[in-house]
Amino acid sequence: MKYYLAIDIGASSGRHIIGYLKDGGIQSEEVYRFRNGMIRKDGHLVWDMQHILYEVIRGIKEAFKKYPVIESLSIDTWGVDYVLMHGEKEIWPCFGYRDERTDDDINEVWKIIPFTELYTRTGCQFQKFNTIYQLYDDKQHGRLEEADDFLMIPEYLIYKLTGQRVREYTNATTTGLLNLETGGYDHYIIEKLGLPSGLFPKLDQPKMNVGCLSEEVAKEVNGNLNVILCATHDTGSAVEGIEMEDDELYLSSGTWSLLGVKLKEGIADNDSMMNNYTNEGGIGYIRYQKNIMGMWVINELKKELCPEKSFDEIVKMAEQSSYNGLADVNLPVFLSPSSMKKVFDDILGEHLEIGDYFRCAYRSLAGCYAKAVEEIEHNTKREYHKLYIVGGGAKNQYLNRLTEEMSGKKVIALPIESSAIGNIKVQMEVEYEL
């Protein structure tokens, strides 16, 4: 039996999951898990990449303890963030996407290239943390003067494991710098913004064999294996991991919620732009989808209002509430507030009981999902019947029920580590078709 290792890192935790084929399907086993999260340093939210790398290596070592022979590994993470490089040296810090550093850069970018033109060329939604605005901020603060490369988070980790540099396509589609038609970097945008052209080489596609672990890393983890490119953006891997009939709606539900469909070609028309849809790369298709704030809202309320309670207890409180107020959880104020409770208080104009906050948050999420379904059907000119939900949020039966009621679609909840399954699936396909 052949074993494969998926390293799936989200904004709040990382997981090392072994996968193998049995009884015609992919079986999985978690062998290591670690906490993750942005830290505040010098007034900014940043990623502690040394800590993340330490945990990645430690998890590989734990995997080899249990499975001495592993065929390959691959890494998927969130998108948009990156590490600037000067030769082999990192240019720290590695800023996190919830940091506010780009607030003053957005209008400056739009003065050079109006957003309507950016969207027509890239099909990439507006998010203030998109890589295009982060890199422009780096330029404005002189950080690009010594940079000769930048590596998205999974690419940086792969570089530290193997010594090889790659630039993977699906993650690059989160940057706001790719041309939707060509699938490569849009050098018109890069030139107009004055970004160094040498930072943007040809992209690599999923299923590429990067090579083996470096001698130093192999010695540390007590083993060696191939390192493969999966769809390194975690949503790309999550969609690969969904076994769905036809191309129905999907919802990857975690810290963020990503709701969309798989299309042969992207859509960058005015309706898509006004509804803030993005066109991200998949393996042989485009993921036409919308970012929705996701379980982040619930997690932050829990942390502030009742950190001692379990999520089961929180759901029970929400179910017992009769509060029917709603909030648009896609508003920018939900991105990184100092108090999530205060955001709800300000929007709703009243103070609530604890259970009311959670009922409002869950119903608001479900309402955003239902609205996105309507928009997708309008923009793709197609009716959908099923909504496949994967990720941690798929375990929440209360939210699933609300989503089904509000959207009118049959919810199929698959409470699996879908990003890890998709990651493993791609590794397997390097050798043979499933």
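The rules behind these values
Residues numbered from 1 in each chain as written. Predicted model: local features only at pLDDT ≥ 70, side-chain atom pairs only at ≥ 80, totals over all residues. Heavy atoms only, no water. Pairing = 2+ DSSP bridges. Helix = DSSP H or I, 4+ residues; strand = E, 2+ residues; numbered from the N terminus. Phe/Tyr/Trp six-rings, centres within 6.5 Å; stacked < 30°, edge-to-face > 60°. Buried < 20%, exposed > 50% of the residue type's maximum accessible area, 1.4 Å probe, protein only. Lys NZ or Arg CZ within 6 Å of the ring centre and 35° of its normal. Polar contact = N/O pair within 3.5 Å; in protein donor to acceptor, adjacent residues only side chain to side chain. Contact = heavy atoms within 4.5 Å. Axes fitted to C-alpha atoms, helices over the stretch in contact; angles between N-to-C directions. Core = buried A, V, L, I, M, F, W, Y, C linked by side-chain atoms within 4.5 Å. Disulfide = S-S within 2.5 Å. Arc of directions from axis to C-beta.

Draft legend 1. Summary view of the sheet that holds strand 4 (residues 39-41). Strand order in this open sheet of 3 strands is 4-5-9, and the pairing throughout is antiparallel. The strands lining the two open edges of the sheet, one partner per strand, are strand 4 and strand 9 (94-95). Relative to strand 9, strand 5 (residues 44-47) runs antiparallel, the two being bridged by 2 bridges. Residue pairing in the sheet places Trp47 in a bridge with Cys94 of strand 9.

Draft legend 2. Layout of the packing of aromatic side chains. The final tally for this structure, using the stated rule, is 20 aromatic pairs. Between Tyr82 and Phe150, the aromatic rings sit 5.5 Å apart at their centres with planes inclined by 80 degrees, giving edge-to-face as the arrangement. Highlighted residues: Tyr82 in strand 7 (residues 82-86) and Phe150 in strand 10 (residues 149-152), separated in sequence by 68 residues. Across the pair, exposure class does not vary: Tyr82 and Phe150 are buried alike. A connected cluster of aromatic rings, assembled from ring pairs, spans Trp47, Trp78, Tyr97, Phe129 and Trp256. In this structure, Lys302 is placed above the aromatic ring of Phe311, and the distance from its NZ or CZ to the ring centre is 5.3 Å.

Draft legend 3. Summary view of unusual backbone geometry. Pro93 follows Trp92 through a cis peptide bond whose omega is 5 degrees. Residue position: Pro93 is located in the loop between strand 8 (89-91) and strand 9. Unusually for a residue other than glycine, Val80 sits at a positive phi of about 65 degrees. Residue placement: Val80 occurs in the loop between strand 6 (72-76) and strand 7. Located in the positive-phi region is Asn222, a residue other than glycine, with phi close to 65 degrees. Assessed through its relative accessible area of 57%, Asn222 is described here as exposed.

Draft legend 4. Inspection of the side chain of Ser72 at higher detail. Mapping Ser72 onto the fold places it in strand 6. The exposure class of Ser72 is buried, given its relative accessible area of 4%. Separated by 2.6 Å, the side chains of Ser72 and Gln427 make a polar contact. Excluding residues within four positions of it along the chain, Ser72 makes contact with Tyr3, Tyr4, Leu5, Leu225, Asn226, Ile228 and Gln427.

Draft legend 5. Local environment of the sheet that holds strand 13 (residues 249-253). Spatial ordering of the open sheet is given by 15-16-14-13-17-18, a layout of 6 strands whose pairing is mixed. Sheet topology places strand 15 (278-281) and strand 18 (410-414) at the edges, where each strand pairs with a single neighbour. Between one strand and the next, the sheet's axes are offset by a mean angle of 30 degrees, whatever the strand orientation. With 7 bridges joining them, strand 14 (residues 257-263) and strand 16 (residues 286-292) adopt antiparallel strand pairing. Within the sheet, the bridge partner assigned to Val261 lies in strand 16 and is Tyr288. Lying on the sheet, helix 14 (residues 354-380) is in contact with strand 13, strand 14 and strand 16; it crosses strand 14 at an angle near 20 degrees. The sheet strands contacting helix 15 (residues 397-407) are strand 17 (386-390) and strand 18, and the helix crosses strand 18 at an angle near 155 degrees.

Draft legend 6. Structural detail: the nonpolar core. With 129 residues, the main nonpolar core has Leu73, Leu157, Leu259, Val297, Phe344, Phe358 and Tyr362 as its most contacted residues. Per element, the largest residue contribution to this core is 12 residues, and it comes from helix 14. Ignoring sequence-local partners within four residues, the contact set of Tyr362 consists of Met295, Ile298, Ile314, Val315, Ala318, Asn396, Tyr398, Leu399 and Leu402.

Draft legend 7. Inspection of the state of the cysteines at higher detail. Applying the stated criterion across every chain yields a total of 0 disulfides. Here Cys212 stays free of any disulfide, with the sulfur of Cys230 as its closest cysteine sulfur at 17 Å. Exposure remark for Cys212: the relative accessible area of 41% places this residue in the partly exposed category. Between Cys368, a cysteine without a disulfide, and Cys360, which holds the nearest cysteine sulfur, the sulfur-to-sulfur distance is 10 Å.

Draft legend 8. Molecular detail of helix 3 (residues 115-122). Within helix 3, burial applies to Phe115, Leu118, Tyr119 and Thr122. Each buried residue of helix 3 sits inside an arc of 95 degrees when the element is viewed along its axis, so together they form one side. Directly after helix 3, the chain includes Gly123, whose backbone phi takes a positive value near 65 degrees.

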